[in-house]
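Breakdown of the fold
Below, each chain spelled out in residue letters.
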Amino acid sequence: LSLWPRHCFDILHLSTLHWRKAESKPFTEGAGGWSPQATDRQPWMQLDLKDRMEVTAIATQGRYGSSDWVSGYLLLFSDTGRAWKQYREEDGRFVGNVNPNDVVHHKLSHSIRSRFLRFVPLDWNPSGWVGLRVEVYGCAYKSDVTDFDGRSSLLYRFNQKSMSTVKDVISLRFKSRQAEGVLLHGEGQRGDYITLELHRGRLALYLNLGELRFSSGRVAVTLGSLLDDQHWHSVLIERFNKQVNFTVDSHTEHFRTKGEGVSLEVDYELSFGGIPLPGKPGTFLRKNFHGCIENLYYNGINVIDLAKRRKPQIYSVGNVTFSCSEPQLVSTTFLSSSSSFLSLRATASSLGGFAVRFRFRTWNPDGLLLSTRLALEPQRLELQISNSRLRLTHHTSAQQKEEVSTGHRVNDGLWHSVSLSSRGLQVTMTLDNEPPSTIDLEDHMEAGDLYFGGCPSVNVAGCVNPTLAFQGCMRLISVNSQPIDLNLLRQGRLGNYRELQFNTCGIHDRCLPNFCEHAGQCSQSWSTFYCDCSGTGYNGATCHNSIYEVSCEAYRLAGSSSGYFSIDPDGSGPLGPTKVYCNMTEDKVWTVVTHNSTDPIRVQGSTLQKPYIMKFNYSASPEQLIALVAGSEQCQQEVTYSCRKSRLFNTRDGTPLSWWVDQAGERRTYWGGFLPGVQQCSCSLEENCIDMNYFCNCDADTDSWANDTGVLSYKEHLPVSEIVIGDTNRTFSEALYRIGPLRCYGDKSTWNAASFYQESSYLHFPTLQTELSADLSFYFKTSAPSGVFLENLGLKDFIRLELSSPSVVTFSFDVGNGPVILAVKSHVPLNDRQWHYVRAERSVKEASLQVDQLPLRFLEAPSDGHLRLRLNSQLFVGGTAARQRGFLGCIRTLTINGVTVNLEERAKMTPGVSPGCPGHCSSSSSLCHNRGRCVEKNSGYVCDCSQSAYGGSSCTEEVSVSFDRESSVTYTFQEPFSVMQNRSSQASSWYRESSRARENMAFSFMTTQSPAMLLTVSTFSQQYIAVILARNGSLQIWYHLHVDRRPDVFSPRPSSLADGRLHRIRLHREGRYIYLQVSQEMECIALTSEAELISIKSLALGKVTGLEAVSEDVMWAGSKGFIGCLSSVQFNRVAPLKAALLNHGSSLVSIRGQLVESNCGLLADSAILHSQSGKEGLILLSINLLFYKDGCCFSQIGVVTTVVFITLCAVAVMTRFLYRHRQGRTDASVTEKEHRHNLETAYRRETAYQAEPAYRTELHLNNSSSLRNNREYYI
C-alpha cells in the first residue's frame, strides 16, 4: 500500500449507481441508502465508475436511520458489466457492519482496475433487513491497449543484428479468450531463447542462456491458473544474469536459468502475440494469442505506444487494433452439488429430433450435466461426468440401459465443449475434438423438459441425480440452434433455476498457492483440495508431519535395534529426511553419518602453494547436518593422520602447513580434542609426543612413520567438510589420512524442561511464525487442576493450549472464522504428577489434538474460511499476558514446527521458573522403553508397560510365544470398538468434524512355513485386515474396507520371509496411506480408500477358521495357521500375546492349541547385536547360554572348543560384559518367579479397572537407590 500514490486513496465520485429492485429512496450524503425489496432472490448493488479506475479501498455503512445493515458481502468487478469476477482476499468474504452508523474500511491488498463494482450481500441484521451505503477510494487508470485476434502479432525489431542483455525487465497485463497462445518470443543463434506462452490456462516461461551442456529439452517454469477467464492478469519478468523472478498476479517463482551463459542474446527481433515463421508473414509456428495486452514494457520501452505512433521499430503482422474488443461470453455458476439445477422447455426443431450445445468447466470428477425424459415412458437420457469422463446413458427401462463414454480428465478446470443431438434413430455425443459417440434408439426421439446441472428437490418424472449434481460453470447454452439468454432466466421470464450465480464463473483454483508442504502433490474438487504425500516422507492433510523419528534416540525408545534408519532432524520443518546408521549396541545411542571418502588415502607431492585438497560429501545435506549436530548432546569425528617427513605446522613460525575446514567453511588447525585456536595434537594433551619439543608427532619431521590420530569433539565445528595437506613434496615425504564418519549421541530436546512454581510466572518467546500451519507438542506433569500451557495473541486471532480441568486438555484458536475449541477428556486425572504427552496441530485443512494414547480429535476447516493465523504478541509459555491461570508444574520437550524451544535457557533468567524438572522420570536417561511410561513413586519409579507389547522392569523384554499348526490366540474387543470415537460439541460451526482412520501395528516373527497366517483383524461389518505369508513366502498385507469392492493387496517384498530369521514389521495407517517398515526398510503405500474400521470385533494370531467374506488366499493361509515364533505383538493399544500369557481365564482372550512361551526375540536380538558389533570392527565370540524356566531346560547349544587363546579372550569379554551389566541394575533379589507373580497381580488389578477393561497395567517397582537385572546367566 505504501507504494501507491497518496491520490490513489481519494474518494471516487460515482457517476451512476444501479440497484436491483431497490426502494425509491435517495442515495445522498448522510441520509438514505440502498435496500432491496424482500422478494428479491439475489440482491446486489452495482456501481458504474464511467471509466476504468484503480480502486484501492472500500468502506461501508448501514442504511441511515434504520436497523438495516450488511454484516458480510462479496465484491465483484467487471470491465463490461456483463462478465464478473469475484475479488478474493483469502476466503473472498468482506466483513461488514454491526450497526447502521459506524464506517468499516477495507484496504485492498491488490488494487482493482475496473469500471464496474458489484456488492453482493451475504449476511445482514437478523432483526432488520439489508441496508448499505458505500464509499470507494482510488485514482484514475490509464493504459495502452492492443487487441490480438489469434492471427496477428507485433514485432519489435532491434537496431543491430542481435541484442545482448545481462539484465531484463518485462512487464505486461493481458486477458485471454483462449487457454492457449504465445504472448512473447525471442531467440538467438547460439541457443538463447525466451518464450512466454499460455498453455492450458497457465502461463509458462521458457528461458535459456547460451548452449546447453546436456540436451534435456525445453523446461518451463509455470505459474497461474484459469487465466483464460476474460479478466486482466499482470505479468512481471525480472532477470539479472542467471537469477530470474517470475510473477503472475500475486504469485512469484524464483529460479535459475538453463544454459552456460549469463546474458540473453536475441537475434533481430522480439515478437508479441505469436511466433511468425521466417519469411512468411502471417504464418505462425505455434498457436497465437487471442485476447488483449496492455502496458507492455520491454526494458523500459513502451512497445504498444511505439506501435500506436507507427514507429519503424515496430512491425505489425495481421490485424492489430488498439482497443480491447469485449466478447459476449456470459457464464453461469452452479453453486451446489446437491440442489443446483436449470430447467428449460425444449422447443420443437424444424428438422426433427433435438440438439443441445454448451460449454462447461469444473474440478469435480462426478456430476449430472443434462437429463431429459423421452416421449416413450420410462425412457430418459442422462449426460454426466463420471470418474472424470463424459458418459451418455440411455435408460430404456428401470433395469436396462445403454452407455457410451468419451474424454479423459474433463474435470481439469478447462472449458470443454459438448454437443448432444439426435438424427433419425441415433443420438450422437461429441466432446471437444474427440470422435463422436453414438447410441441407437428404438424409435424417433422427442425430448421433454431439459434439466441442466441437476434435478429439482421435488420429484420430477424422468430426472434423478445419479450421484451428484453438477458443480461448476456453463456458458453458450443453445437448444435446437437457439442461444439461451440467461438474463431472461434470471428475470423469471424463461424456465426455472435454483442455486445459480449469473454473469460470473465462480471457479477457483484451490491448489494456487499450493498448501501441500514438502513437495506434496495437490489435487482438488470444487470445494476443497487434497494432498498426495506419496514418496515425500510426510503425512497429514497437508503433508506436514514427518513419518520418521527425529533421532536415533527416538527409534530406540520405540523399540528398534541397530540398523539404518531415516531420521528427520527438524521434524515437520523444511528439511527432509536423511538416512543414517543408528548404533544401539552401547549405553549411548550413536548416530553415524558417512561420507564419500572413508578409506585411508596416501598423499604425496603437495606444497603450500599447490596443496592437496579433498572435499567430503556426506549422506546428509549441510543443512541437515547442522540440525543433527545442534540437536545432539555430543558429536565427534576421528581423524587418523600418519606422516613421514610431513609436518602439520612450520616449525619456525608456526604457520599451518595442513588444516581442515569446518561446517561453516572456516579453517581449523587443531587435530584432536583441544579447544579451537590451539595448534596442537592429541599427543600434546596426553603428554606422550615422540619429541616433547613439538606439539605434534609429525612436526618432529622424522624419516620414520609417526602418528597424530585424534578425535575432534568440539561439535560446533563438525563435521569436517574439507582437508588440506601441504607438506609432502620433499624426498620420502608422504602422509596417510582417514577422516571417520560423523558420530553423535543424545537428543538435547528430549529433556529440555522448565519448572513453574508461581501462578503469575511465565516464559516469553518471539511470536509464532505459523500463519498457515503449526504443530506444537510437549510433555507436562502437574498436580494443579488447571493452567495455561501456552498462548499467543493477535489483534483478533489467537492460539491457546491449556489444562482446562483435571482430566481435560483444550486446544483453542481463532483465524477469523470464530473461536474453535477442541477438547480431549481422559478417563483418569491428568494432574497425577506423571508425564503426559500433548500434540496440537492446525493447518488450512484441519485442526487436531492428541493427548497420550487417547483417540485423536480433529476438525475439518471450512473450505472458504479465513486461512492465516495472524499473531503479533509474544508467545507465552506456562502462563498468559494477563498473568492469570498460570501453569504450575513441569513442561519439557516443547517443539513448534520441528524446532525445539530452549526452555532451560530462558528459565535461568526468569523469576518463578527454574530450569529442569525434579524427579526420577525427569532425567535424561531412558528408564522405560518401547512406549513404557515412567511413573514417579516416593521411593523410586515404576515402568508402566500396559501400553507396550514388551515386559520387564524397563519394558524391554520381548514377549514371545511359539505356535504350532493348531495354535491360535484371539483377542475379543469387549464392545464394538472404533478407532476414532472422540467427539466435541464445542467447535465453531465453521469447522466440520470428521474422523480419519488410524491403525498402528507392530510385531516380530520367525518361521520357515509358507503359506502362513500371521495376524487378522475383523469387524462386525465384514471389514478385515490380514497379514499373511503367501505360498512363495513373501509378505502380503490385505485391507478390505468396503464390502462391495475388491480388497487392497500389497506385497512390499518379493523375497521369502519364511527363512528362519526374525523379521520385524511395523505398520502405521493414516487415512488412505500406509507407512510400512519391514526390518530396516520403510515405504509408503496408498490405499484406494481412507475408510476407517467400524466396530472392531476381534484380533487373531495364528490359525483362523470360519472367516466370512474373505478372499481365497487369506482363507487358505488361515487354515494353514502359523508354525514358528511370534514376538511383541501390538495393535493400537492392545498387546494380545501379553494378554494370552496373563489371561487366567479372562473372557477377552481365547487360546486354542498349544502355546509355549519362547525367547526367540531375545535370541534374535543377540544375533543382531553380534552382527552389528562386527560392523564396528569388534571381534565378539558368541557364548551360548543355558536358559531355564520353571525348572525346564529350553535349549542348550554346544561348547566352544577351539583355540585356547580365543576361548580365554571370549571368557574375558563376557565376564566384563556381565560385570558392567550388573553395575547398571539394582535389585538382584527379584527372582523370575516373583517377577511373574507381580505381572499376574498387576494384570488382575487392571482387569478390575472398569474404565479400560481391555488393557492391563503392568508395573515393576524400582528402588531409587539401586537397580539390578532379574535375569540369570549360566555359562
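Bear in mind the structure is a predicted one, so any value in this text is a computation, not a measurement.

What counts and how
Each chain has its residues counted from 1, running along the sequence as written. Only residues with pLDDT of at least 70 are given local features in this predicted model, and only at 80 or more are side-chain atom pairs given and counted; all residues enter the totals for whole chains, interfaces and linings. Excluding hydrogens and water, the side-chain figures rest on all heavy atoms present in the structure. Any Phe, Tyr or Trp ring, taking Trp's six-membered ring, that has another such ring centre within 6.5 Å forms a pair; planes under 30 degrees apart are called stacked, those over 60 apart edge-to-face, and the others tilted. Starting at the N terminus, helices and strands are each numbered in turn, a helix being any DSSP run of H or I of at least four residues and a strand any DSSP run of E of at least two. Type-normalised accessible area, obtained with a 1.4 Å probe on protein chains alone, sets the label of each residue: buried when under 20%, exposed when over 50%, and partly exposed for intermediate values. Note on pairing: DSSP must find at least two bridges between two strands before they are called paired. Angles shown run from 0 to 180 degrees and are taken between the N-to-C directions of axes, each axis being a line fitted to C-alpha atoms and, for helices, limited to the stretch in contact. Here the nonpolar core consists of buried residues drawn from Ala, Val, Leu, Ile, Met, Phe, Trp, Tyr and Cys, with membership extended through side-chain atoms lying within 4.5 Å. The contact definition used throughout considers only heavy atoms, calling two residues in contact when any of these lie within 4.5 Å. Identification of polar contacts relies on pairs of N or O atoms within 3.5 Å, with a donor-acceptor requirement for protein atoms, meaning one able to donate a hydrogen and the other able to accept it, and with residues adjacent in sequence counted only if both atoms are side-chain atoms. When two cysteine sulfur atoms lie within 2.5 Å, the pair is treated as a disulfide.

Quick look at the packing of aromatic side chains now. Where two aromatic rings form a pair, the distance of their centres and the angle of their planes describe that pair. This model, assessed by the stated rule, comprises 32 aromatic pairs. Where Tyr-73 meets Phe-94, the ring centres are 5.5 Å apart and the plane angle is 10°; that geometry is what we call stacked. Of this pair, Tyr-73 sits in strand β6 (residues 70-78) while Phe-94 sits in strand β8 (residues 94-95), and the two are 21 residues apart along the sequence. A relative accessible area of 2% places Tyr-73 in the buried class. The class for Phe-94 is buried, based on a relative accessible area of 4%. Each member of the aromatic cluster is reached from another via a ring pair, and the members are Phe-334, Phe-358, Phe-360, Phe-452 and Phe-470.

Another point: the sheet that holds strand β61 (residues 763-765). As a general point, the strands of a sheet are linked pairwise by backbone hydrogen bonds and lie either parallel or antiparallel. Sheet architecture is open: six strands sit in the order β61-β70-β63-β64-β65-β66, paired in antiparallel fashion. The outermost strands of the open sheet, each flanked by one partner alone, are β61 and β66 (820-825). If you compare each strand with its neighbour and ignore which way they point, the axes differ by 15° on average. In the sheet, strand β63 (residues 787-793) pairs with strand β70 (residues 875-877) via two bridges, with the strands oriented antiparallel. Across the sheet, Glu-791 pairs through a bridge with Phe-876, a residue of β70.

The next point concerns the nonpolar core. Counting 46 residues, the largest nonpolar core has Tyr-641, Trp-671 and Tyr-737 as the members making the most contacts within it. Examining the composition of this core, we find that four residues originate from one element, strand β52 (residues 634-644), more than from any other. Ranked by size, the runner-up nonpolar core spans 45 residues in total, among them Met-1001, Leu-1015, Leu-1041 and Phe-1131.

Secondary-structure assignment places Arg-190 in the loop between β14 (181-187) and β15 (193-199). The class for Arg-190 is partly exposed, based on a relative accessible area of 31%. Sequence separation of Arg-190 and Glu-265 is 75 residues, and the distance between their C-alpha atoms is 7.9 Å. The contact partners of Arg-190, leaving out residues within four places of it in the chain, are Gly-210, Glu-211, Gly-261, Ser-263 and Glu-265. Separated by 2.5 Å, the side chains of Arg-190 and Asp-192 make a polar contact.

With that out of the way, let us pick up the state of the cysteines. Following the criterion strictly, the structure yields 12 disulfides and no others. Disulfide partner of Cys-292: Cys-324, at an S-S distance of 2.0 Å. Between Cys-292 and Cys-324, the disulfide has an S-S torsion of 95° and is therefore right-handed. Of this pair, Cys-292 sits in strand β24 (residues 290-298) while Cys-324 is found in the loop between β27 (320-321) and β28 (331-334), placing the two residues 32 residues apart along the sequence. For Cys-292, a relative accessible area of 1% translates into the label buried. Between the sulfur atoms of Cys-511 and its disulfide mate Cys-522 the distance is 1.9 Å. Around the S-S axis, the bridge from Cys-511 to Cys-522 shows a dihedral of about -80° and counts as left-handed. Separated by 11 residues along the polypeptide, Cys-511 in the loop between β42 (500-502) and β43 (521-524) and Cys-522 in strand β43 bring together distant segments of the chain. You can call Cys-511 buried: its relative accessible area is 16%. Cys-522 sits in the partly exposed class, given a relative accessible area of 23%. A disulfide-free cysteine, Cys-1084 has its sulfur positioned 7.9 Å from the sulfur of Cys-533, the nearest such atom.

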